[in-house]
Amino acid sequence: MLADRPQSTAQDGGLPLTPANSCFSVSQREFVAELQSAGLARHWVRGVLEEHSWTAATPAVDDLVVIVSELVTNVVLHASVPGKDVLVRLRRVEDRCRIEVLDGRPDLLPPTDLHPSEERGRGLLLVRGLSADMGVERSGGDKVVWAEVHPQGPFGAAA
């Protein structure tokens, strides 16, 4: 059974998160390290963005939903630590929305050598293609994989 974790949202200035003024500072939620959590994280991200006045059917929202799904799935399949939840965080970074997924393993991402016949291993390539920027950092004993999306879509292009 998936535990329902409380979410927290901090706002600065009380302005809605819109393409013109992405102004929430941070919103985060923990998910149990199970495959079903990717779907719960997608639903949560879409809900947070809608609460901050992002239109649900925009490329930027769709991109963020796909990104969180890929990143949470990666944690569950490759980086989960027994007894440790997956933390997903949405954050305003200048004119972008940044999604961060924290896991309990400090090792950075392994190099990816893909073979054309392989069916797995393309999630981070998809994340890179959908985001304006992405990266991985260590944070104490954890790793943070993050991606940023412009409200107008990849690379700030008009949707």
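Residues numbered from 1 in each chain as written. Predicted model: local features only at pLDDT ≥ 70, side-chain atom pairs only at ≥ 80, totals over all residues. Heavy atoms only, no water.

Student: It is not clear to me how the pairing of strand β3 (residues 86-93) should be interpreted in this structure. Could you clarify?
Tutor: Put simply, side chains in a regular strand alternate between the two faces of the sheet. For β3 and strand β4 (residues 96-103), the ladder comprises 7 bridges, and the chain directions are antiparallel. From the neighbouring strand, valine 93 faces β4, where its bridge partner is arginine 96. (Pairing = 2+ DSSP bridges. Helix = DSSP H or I, 4+ residues; strand = E, 2+ residues; numbered from the N terminus.)

Student: Any chance you could explain the side chain of arginine 98 here in plain terms?
Tutor: Residue placement: arginine 98 occurs in strand β4. Within the structure, arginine 98 has its side chain in polar contact with the side chain of glutamate 100 (distance 3.5 Å). Sequence-distant contacts of arginine 98, defined by excluding residues within four places in its chain, comprise Arg89, Leu90, Arg91, Val93, Glu137, Trp146, Ala147 and Glu148. (Polar contact = N/O pair within 3.5 Å; in protein donor to acceptor, adjacent residues only side chain to side chain. Contact = heavy atoms within 4.5 Å.)

Student: Help me understand unusual backbone geometry, please; the structure alone is not making it clear to me.
Tutor: Most of the time, phi is negative for any residue but glycine, and the peptide bond is trans. One non-glycine residue, glutamate 94, lies in positive phi territory at about 55 degrees. Counting through the fold element by element, glutamate 94 comes out in the loop between β3 and β4.

Student: Help me out: how do you make sense of the packing of helix α2 (residues 59-79) against helix α3 (residues 123-130) in this one?
Tutor: Two quantities define a packed helix pair, namely the angle between the axes and the distance from one axis to the other. Where α2 meets α3, the closest approach of the two axes is 9 Å, and the angle between their N-to-C directions is 150 degrees. If you check the angle between α2 and α3, you find them roughly antiparallel. Classified by chirality, the crossing of α3 by α2 is left-handed. In this structure, α2 contributes Asp63, Val66, Ile67, Glu70, Leu71 and Asn74 to the contact, and α3 contributes Gly123, Leu124, Leu126, Val127 and Leu130. Residue classes in the contact of α2 with α3 are distributed as 7 nonpolar, 2 polar and 2 charged. (Axes fitted to C-alpha atoms, helices over the stretch in contact; angles between N-to-C directions. Parallel < 35°, antiparallel > 145°, perpendicular 65-115°, else oblique. Left-handed = near helix turned anticlockwise from the far one by under 90°. Nonpolar A, V, L, I, M, F, W, Y, C, P; charged D, E, K, R; others polar.)

Student: Just to check I follow, could you spell out α3 for this structure?
Tutor: An α-helix turns once per 3.6 residues; consequently, residues spaced three or four apart project the same way. For α3, every residue scored as buried is listed here: Gly123, Val127 and Leu130. For α3, the angular spread of buried residues about the axis comes to 70 degrees, placing them on one side. Looking at the buried side of α3, the elements it contacts are α2, β5 (133-139) and β6 (142-149). (Buried < 20%, exposed > 50% of the residue type's maximum accessible area, 1.4 Å probe, protein only. Arc of directions from axis to C-beta.)

Student: Looking at this model, I keep getting lost on the pattern of salt bridges. Mind explaining?
Tutor: Side chains that differ in sign of charge can pair as their charged atoms come close. Taken as a whole and assessed by the stated rule, the structure comprises 9 salt bridges. Between arginine 46 and aspartate 62 there is a salt bridge; the shortest N-O distance is 3.4 Å. Placement of the pair is arginine 46 in helix α1 (residues 36-51) and aspartate 62 in helix α2, with a sequence separation of 16 residues. Assessed through its relative accessible area of 34%, aspartate 62 is described here as partly exposed. Beyond isolated ion pairs, a larger network of salt bridges with shared partners links Arg89, Arg91, Arg96, Arg98, Glu100, Glu137 and Glu148. (Salt bridge = Lys/Arg side-chain N within 4 Å of Asp/Glu carboxyl O.)

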